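# An overview of the molecular structure
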Amino acid sequence: MIPSFLSDRKALLEGTTTLLALVQRSLDAIDATNDEVNALIDVYREESLSEAKRIQAKVDKGEAGPLAGAIFSIKDLFAHKNHRLQSASKILDTFTSVYDATVVERILAADGLILGRANQDEFGMGSSNEYSVYGPCKHPEDYQRVPGGSSGGSAASIAAGYCNLSLGSDTGGSVRQPAAFCGIVGLKPSYGRISRYGLAAYASSLDTVGCFGATVEDVAACIEVIAGQDVHDMTTLSTEVPSYLQELQDRDSTTKSLRFGINPSWFSEGLDPEIKHQIEWILDGLKEQGHEVKEIAMPAQSASLSTYYILATAEASSNLARYDGIHAGYRSAQSEGAKLEDVYTLSRSEGFGPEVKRRILLGTYVLSKGYYDAYYGKAQKVRRLIQREYEEAFQQVDAMILPTTPTTAFKAGEKVDDPLSMYLNDIYTLAANLSGITAMSVPIGRHSNGMPIGIQIQTPVSDELGCFQVGTLIENLSSKEKQ
Ligand code: GLN
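Computed from a predicted structure; not experimentally measured. Residue indices follow the written sequence of each chain, beginning from 1 at its first position. In view of the model being predicted, local features appear only for residues whose pLDDT reaches at least 70, and side-chain atom pairs are presented and counted only at 80 or more, with totals across whole chains, interfaces and linings using the full set of residues. Hydrogens and water molecules were not included; the side-chain quantities draw on all heavy atoms of the structure.

Turning our eyes to something else, we now look at the site of the ligand. Note on definitions. A residue lies near a molecule or strand when any single heavy atom of the residue is within 4 Å of it. Taken together, 15 residues sit near the ligand, with Thr171, Gly172, Ser174, Tyr202 and Tyr308 positioned nearest. Here a polar contact means two N or O atoms within 3.5 Å. Within protein one must be a hydrogen donor candidate and the other an acceptor candidate, and residues neighboring in sequence count only if both atoms are side-chain atoms. Note that an oxygen atom of the ligand is positioned 2.6 Å from one of the backbone N or O atoms of Gly172. For the ligand, whose accessible area on its own is 290 Å², the fraction buried by protein is 100%. Among the detected pockets, the ligand sits in the largest cavity. Its residues placed into classes, the shell around the ligand shows four nonpolar, eight polar and three charged. All accessible areas in this document rest on Shrake-Rupley with a 1.4 Å probe, and a residue is counted as covered only by the protein chains that are shown. Here a cavity denotes grid points, spaced 1 Å and computed from the protein atoms alone, that fit a 1.4 Å probe unable to get out, and a pocket denotes an open set having protein on both sides within 12 Å along at least 5 of 7 lines; residues with an atom within 4 Å of a point are the lining. Occupancy of a cavity or pocket is assigned to a molecule whenever over half of its atoms lie within 2 Å of that pocket's grid points. Residue classes follow a fixed rule: Ala, Val, Leu, Ile, Met, Phe, Trp, Tyr, Cys and Pro count as nonpolar, while Asp, Glu, Lys and Arg count as charged, and any other residue, Gly among them, counts as polar.

Taking 1.5 Å as the rise per residue, helix H9 (residues 273-288) with 16 residues should run 22 Å; its terminal C-alpha atoms sit 22 Å apart, in good agreement. Secondary structure follows DSSP: runs of H or I at least 4 residues long count as helices, runs of E at least 2 residues long count as strands, and numbering of each begins at the N terminus. Two or three places before Glu274, at the opening of H9, Asp272 has a side-chain oxygen 2.8 Å from that residue's backbone nitrogen. Following H9 by one or two positions, Gly290 has its phi on the positive side, about 100 degrees. Between the first and last residue of a helix there are one fewer steps than residues, each counted as 1.5 Å, and that sum is the expected span.

On to the side chain of Asn34, then. Position of Asn34 relative to the elements: it lies in helix H2 (residues 19-37). Per-residue accessibility, obtained with a 1.4 Å probe over protein chains only, is compared with the maximum for each type, and a residue is labelled buried under 20%, exposed over 50%, and partly exposed between these values. On the basis of relative accessibility, which here comes to 9%, the residue Asn34 falls in the buried class.

Further remarks concern a nonpolar patch on the surface. Each patch is built from salt-bridge-free residues with over 30% relative accessible area, joining like charges within 9 Å and nonpolar side chains (Val, Leu, Ile, Met, Phe, Trp, Tyr) within 5 Å. Put simply, a salt bridge is a Lys or Arg side-chain nitrogen that is within 4 Å of an Asp or Glu carboxyl oxygen. Taken together, the side chains of Tyr365, Tyr371 and Tyr375 make up a nonpolar region of the molecular surface, amounting to roughly 280 Å² of accessible area. Residue placement: Tyr375 occurs in helix H13 (residues 373-396).

Let's shift gears to the nonpolar core. Of all hydrophobic cores here, the largest spans 112 residues; its most connected members are Ile223, Ile401 and Phe468. We call two residues contacting when some pair of their heavy atoms lies within 4.5 Å. Beyond its immediate stretch of four places on either side in the chain, Phe468 contacts Leu187, Val216, Val219, Ala220, Ile223, Tyr244, Leu248 and Met440. Grouping buried Ala, Val, Leu, Ile, Met, Phe, Trp, Tyr and Cys residues that are joined through side-chain atoms within 4.5 Å yields what is termed a nonpolar core. Judged by nonpolar contacts, the second largest core, of 31 residues, contains Ala39, Ala52, Ile158 and Ala179.

The next subject is the packing of H2 against helix H3 (residues 45-60). Any two packed helices are characterised by how steeply their axes cross, that is the angle between the axes, and by the distance between the axes. Between the N-to-C directions of two axes lies an angle of 0 to 180 degrees, each axis being a line fitted to C-alpha atoms and, for a helix, fitted only over the stretch in contact. H3 packs onto H2 with a crossing angle of 160 degrees between their chain directions and a minimal axis gap of 8 Å. Classified by the interaxial angle, the pair formed by H2 and H3 is roughly antiparallel. The hand of the H2/H3 crossing is right-handed. Across the interface between the two elements, Leu19, Leu20, Val23, Gln24, Leu27, Ile30 and Asp31 of H2 pack against Arg45, Ser48, Leu49, Ala52, Lys53, Ile55 and Gln56 of H3. These descriptions rest on fixed angle ranges, namely under 35 degrees for roughly parallel, over 145 for roughly antiparallel, 65 to 115 for roughly perpendicular, and the rest for oblique. Crossing handedness is read from the near helix: turned anticlockwise from the far helix by less than a right angle, it gives a left-handed crossing, and turned clockwise, a right-handed one.

Moving on, we come to unusual backbone geometry. Cis peptide bonds are those with omega within 30 degrees of zero, and the linkage from Gly149 to Ser150 qualifies with 5 degrees. For Ser87, which is not glycine, the phi torsion reads 50 degrees and is therefore positive. Within the secondary structure, Ser87 sits in the loop between strand S2 (71-75) and helix H4 (102-109). Within the chain, Ser462 stands out as a residue other than glycine whose phi angle is a positive 70 degrees. Positionally, Ser462 belongs in the loop between strand S11 (452-459) and helix H16 (464-482). Judged by relative accessible area, Ser462 falls into the partly exposed class, the value being 26%.

Side chains bearing opposite charge may pair, as long as their charged atoms lie close to each other. Taken as a whole and assessed by the stated rule, the structure comprises 21 salt bridges. The salt bridge involving Arg358 is made with Glu355; its shortest N-O contact spans 2.6 Å. Pair noted here: Arg358 and Glu355 are both in helix H12 (residues 354-367), with a separation of three residues, about one helical turn. With relative accessibility at 33%, the residue Arg358 sits in the partly exposed group. Between Glu391 and Arg384 there is a salt bridge; the shortest N-O distance is 3.5 Å. Through salt bridges with shared partners, a single network forms among Glu51, Arg54, Lys58 and Asp111.

Bringing the state of the cysteines into the picture now. Disulfides are defined as cysteine sulfur pairs within 2.5 Å. One pass over the full model with this rule turns up zero disulfides. In this structure Cys182 is not part of a disulfide, and its nearest cysteine sulfur, from Cys137, lies 7.3 Å away. Residue Cys182 is classed as buried on the basis of its relative accessible area of 1%.

Taking burial as the measure, the eleven residues of helix H7 (residues 216-226) include nine buried ones, the bulk of the element. Along H7, the positions that sit buried rather than exposed are Val216, Asp218, Val219, Ala220, Ala221, Cys222, Ile223, Val225 and Ile226.

This part is about the environment of Thr18. Tracing the chain through its elements places Thr18 in the loop between helix H1 (5-14) and H2. Along the backbone, Thr18 and Gly172 are 154 residues apart, and their C-alpha atoms lie at a distance of 38 Å. Sequence-distant contacts of Thr18, defined by excluding residues within four places in its chain, comprise Leu12 and Gln56. Reaching out from Thr18, the side chain makes a polar contact with the backbone nitrogen of Ala21 at a distance of 3.0 Å.

Okay, here's the thing in C-alpha cells:
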C-alpha cells in the first residue's frame with residue numbers, strides 16, 4: 001500500500017496516529033527493503049525522530065503547518081543545509097550544503113519532514129537510475145526491473161512505502177517517467193513555477209523541480225507550498241499560486257465539459273499496444289462523461305528528441321564546466337604537482353561517469369565553432385516551432401492527453417549499453433520541457449506483465465490547476481475500472 005500524505009495528515013490531525021508512528025512506519029519499511037531497492041542513499045534517522053517530536057508538539061497545540069504529516073525524500077541534487085549533496089556523482093564526493101534550496105526552506109517552514117536523500121542518475125542524466133555512483137536503484141515491485149530515472153530513487157521511495165512525498169527534478173521527463181514506472185503521480189510544473197535556487201543544474205532552460213505523491217491531491221498540496229516567485233531565481237514566474245486543494249474541491253461539483261487533444265502520431269508505432277489500449281479506455285470514459293476529444297496534428301514534435309539532446313547537452317557542458325577540481329569538485333590524487341590542465345583532465349576523467357562524459361562531449365561539439373549554427377542554432381529554432389504548436393493547440397483544447405512512456409518499466413541492464421534506445425524512452429516527455437508547459441503522469445492500471453501504466457496530461461504554462469483537475473478526473477475513472 002503506497003502511503004498517501006493527505007490520509008496520513010488527516011489521521012494525524014484527528015489524533016488517530018502520531019508523527020512518531022508515521023516516521024517509525026517509514027523506518028521499518030526502509031529497514032525491510034532499502035538495502036535491496038537502494039532508493040535512499042542517506043536516511044536521517046535521529047534527526048527525523050527529533051523533528052517528529054517537534055512537529056507533533058505543534059500539531060497538539062493546533063499550530064501545525066500545511067505540510068505536517070508529510071514525510072519527504074529529496075533527490076540528491078537539492079541543497080539541504082548541513083546535509084550531503086552529491087548528484088550521485090563522484091565529482092561531488094565530499095560536498096555538504098551550506099544553505100537550503102528555496103524548496104527545502106519552504107518544506108521545512110511548512111512543517112514537512114525530510115527523512116532522507118534519494119538515489120538518481122548522475123546529474124539527472126538517464127532514464128533508469130542505473131548511472132549512479134551509489135549503484136543502481138531497483139524497482140520496488142520487481143528487483144530485475146528499473147524504477148525509471150533520473151529521479152528513480154524518489155519514485156521508488158514512495159512506491160516502497162518509505163515516505164509519502166518526494167522532490168525530484170524534471171529536465172526531459174525525470175519526474176513523469178519514474179512516476180509512470182512506479183505507479184504513482186508525478187508533476188512537472190511549468191518552467192519557472194518553482195524556484196531552482198539550490199538545485200544542482202543540468203540544463204538550465206529545461207530544469208524544473210517536480211513532486212511525486214500517491215495521489216493528485218497529495219501532489220497539489222505540496223506544490224501549493226513550494227511554488228511561487230523567489231528573489232533568488234529570476235526565472236520564477238510572478239503569477240499567483242492558487243490554493244490548489246481548495247480550488248479542486250470547489251470545482252469538483254461544477255466540472256464543466258472539457259476539451260482534450262490527442263496527436264495521432266503519438267499513438268502509432270513504438271507504443272506498447274496495452275498502454276495504447278488503456279489510454280483509449282480512459283479517453284472513451286472521458287467522452288462518456290460529456291467531454292470532447294479531438295485530434296490535433298503536431299508535426300514538429302517528431303523533432304523533440306534530437307532538439308532536446310542538442311540543447312540539453314549544450315547547456316550541460318556549460319553547467320558542468322564548474323567542476324574542475326580547482327574551484328569545485330573532486331580533485332584527482334594523481335594530480336599532485338601536475339600542470340593545471342592535467343589537474344582538470346585527471347579530476348574530470350576520474351570524477352564523472354560515462355553518461356555524463358558522453359553528454360559533455362556531445363554538448364561541447366554542438367557548441368563548437370563551425371557546428372554551432374548547424375546544430376545549436378537550428379535546435380533553438382525547432383524548439384520555437386514546438387512551443388508554437390503547443391500555443392496553437394491550447395487555443396483549441398484545455399489539455400493534451402498522451403502516454404508518459406512507450407513501454408512499462410524495463411529490465412535492468414537492457415538499455416544501459418545502448419544510449420539511443422535509452423534516449424528513446426523519453427520520446428513522450430521531452431516536448432513539455434522544450435516548451436515550458438505543465439505536464440503530469442497519473443497511474444491508470446497495470447500491464448499484463450504486472451507493471452504500472454502511466455498517462456500524461458499536459459496543460460498550458462501556469463495551468464497546474466487545470467492539470468490537477470484533469471488528473472483527478474482520470475484518477476476517478478481508473479479507480480472505477482479497478483472495482
Ligand atoms: N532522461 C532524460 C535525460 O537523460 C531526462 C532527464 C531529466 O529529466 N533529468 O536527459
